[in-house]
Structures are given as C-alpha cells and as structure tokens.
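Remarks on the overall topology
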Amino acid sequence: MATFSTFWIKKLRSFFSKLDTDHDSMITREDVLAPGRYAHILCLQNAAELEAVWETAWEMFFRPAETQLEDGRKVVTFDGWIEIAKDVFLTKTTLEYNAAFSSTSFDAVDADKNGEISECEFALFLSCLGVSPVESSVGFNALDTNNDGKISRQEFIDGGRNFWYDMELSPGSYFYGPFKWDA
C-alpha cells in the first residue's frame, strides 16, 4: 500500500472543507451537488457538464464513505472519506477517471471555448467552491506553468492529476485554490 504524506492528508482536508457548504464537518450529496451550485456562475451547458462530472465523482469517491445518522441523513466525514481515498485513488480506474474528469472540467470552465482558461474563467470555476477571486489567482498562477497568462488543457489536466497524486507541494497542489490548513 502506498504511503500518504501528512501534506497530502492536509491538502485533501482543505479540499473537503471547501465542499462542506454548511461547515458542519460533514458533507452530503447536496453539499456537492446543490441545485444551481454551478449554474449561477457558469452558462447552463457548462454547468450541466460540471454537475455530471461531480455526480460521477460523488458515486465513485464519496458514496462509499457515507454513513447514516440517527436522523436519517447520509453524510461523509473526512476521516471516513480519507480512508476510502487511500484505497481507491491509486487504482487504474481512478487514474483514468481523473484524466476524464479534468478534461470534461476543462471544457466546462473554458466558457468562451477558445481552448484555454483565462484567469477570470478559472476564478468562476473556483467560486463554485467558495474560493474568492484573490485566492483563485494563487491556483491560476501555479497551474500556468509556462507563465503565458492562460491555462492550457494540458496544464489543467496535469494540475488536476497532480492535486490528487502529489504527496508533496507542487503546482497542482493549488488546483482548488490555496489551502486552509486549519480546516
């Protein structure tokens, strides 16, 4: 079994906290797939693409960690999710899904369909996760590895993959914006 660094676990805790819209230290399907979460910022077609990607992500990576509370709600805790993540993240299926997730996400985020993501488009994408435009610039600048002022499809896909798989700090670590270490 692979070794998962303290940095990786903290990075994923920060990501988890961005999905936790009501800040109760648990996420639900509704937190991730709240109606209109993406549509209020992205055009409807792009929002539908992104929602479909997140729906599949929920089924693959979050639903297996669901537990049912006494009140009947199904929730995912970070500790439950991270144990599932450790088991499934390095599988061939997950690696293939991650590439497809990043590619489809790129298409949804590239609002003007010019084959690259501007800083504004990236800020809109991260605003779906509650990341401010100022904070999103950290991610944008990290992913723009050739410093040309835009994120290419390959930079986006590499960043998405590296977010999940790099055990230490890398440009992809900022794919979802800066970390919240106290999350």
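Here's a quick rundown of the structure. (Residues numbered from 1 in each chain as written. Predicted model: local features only at pLDDT ≥ 70, side-chain atom pairs only at ≥ 80, totals over all residues. Heavy atoms only, no water.)

In this section: the pattern of salt bridges. If you walk through the whole model with that rule in mind, you get eight salt bridges. A salt bridge links Glu116 to Lys150, with the shortest nitrogen-to-oxygen separation between them at 3.8 Å. One end of the pair, Glu116, is in strand β4 (residues 116-117); the other, Lys150, is in the loop between α7 (133-143) and β5 (151-152), with 34 residues separating them in the sequence. Residue classification places Lys150 among the partly exposed residues on the basis of a relative accessible area of 29%. (Salt bridge = Lys/Arg side-chain N within 4 Å of Asp/Glu carboxyl O. Helix = DSSP H or I, 4+ residues; strand = E, 2+ residues; numbered from the N terminus. Buried < 20%, exposed > 50% of the residue type's maximum accessible area, 1.4 Å probe, protein only.)

Within the secondary structure, Asp79 sits in helix α4 (residues 78-88). As a C-alpha pair, Asp79 and Asn46 span 33 residues in sequence and 32 Å in three-dimensional space.

This next bit is on the sheet that holds strand β3 (residues 74-77). The sheet built from three strands is open, its strands ordered β1-β3-β2 with antiparallel pairing. In the strand order of this sheet, the two ends are held by β1 (26-27) and β2 (67-68), each with one partner. Here β1 runs beside β3; their pairing, made up of two bridges, is antiparallel. Bridge pairing links Met26 to Thr77 in β3. (Pairing = 2+ DSSP bridges.)

We now examine the packing of aromatic side chains. Two aromatic rings, taken as a pair, are described by how far apart their centres are and by the angle between their planes. What the rule picks out here adds up to 24 aromatic pairs. Measuring from centroid to centroid gives 6.2 Å for Phe15 and Trp81, while their planes differ by 35°, and the two rings are tilted. Here Phe15, found in helix α1 (residues 6-19), pairs with Trp81, found in helix α4; they are 66 residues apart in sequence, far enough to count as distant. For the pair Trp54 and Phe101, a centre-to-centre distance of 5.5 Å together with 90° between the ring planes defines the contact as edge-to-face. With Trp54 in helix α3 (residues 44-62) and Phe101 in helix α5 (residues 92-109), the pair connects residues that are 47 residues apart, well separated along the chain. What makes Trp54 buried here is its relative accessible area of 3%. (Phe/Tyr/Trp six-rings, centres within 6.5 Å; stacked < 30°, edge-to-face > 60°.)

Attention now goes to the packing of α1 against α4. At their nearest, the axes of α1 and α4 sit 11 Å apart, and the two run at 125° to each other. Here α1 is positioned oblique relative to α4, judged by the angle of their axes. Of the two possible hands of crossing, α1 and α4 adopt the one that is right-handed. The residues of α4 that touch α1, namely those facing Trp8, Ile9, Leu12, Arg13, Phe15 and Phe16, are Phe78, Asp79, Trp81, Ile82, Ala85 and Lys86. (Axes fitted to C-alpha atoms, helices over the stretch in contact; angles between N-to-C directions. Parallel < 35°, antiparallel > 145°, perpendicular 65-115°, else oblique. Left-handed = near helix turned anticlockwise from the far one by under 90°. Contact = heavy atoms within 4.5 Å.)

Next up on the list: α1. Helix length check: α1, at 14 residues, gives a terminal C-alpha distance of 20 Å against a target of 20 Å (1.5 Å per residue), a fit within 8%. Of the positions making up α1, those classed as buried are Phe7, Trp8, Lys11, Leu12, Ser14, Phe15, Phe16, Lys18 and Leu19. (Expected span 1.5 Å × (residues − 1).)

Moving on: the packing of helix α6 (residues 119-127) against α7. Packing of α6 against α7 leaves a shortest axis separation of 9 Å and a crossing angle of 120°. Considering their axes alone, α6 and α7 lie oblique with respect to each other. Relative to α7, α6 is oriented so that their crossing is right-handed. Contact residues: Glu119, Phe122, Ala123 and Leu126 in α6; Pro133, Ser136, Ser137, Gly139, Phe140 and Leu143 in α7.

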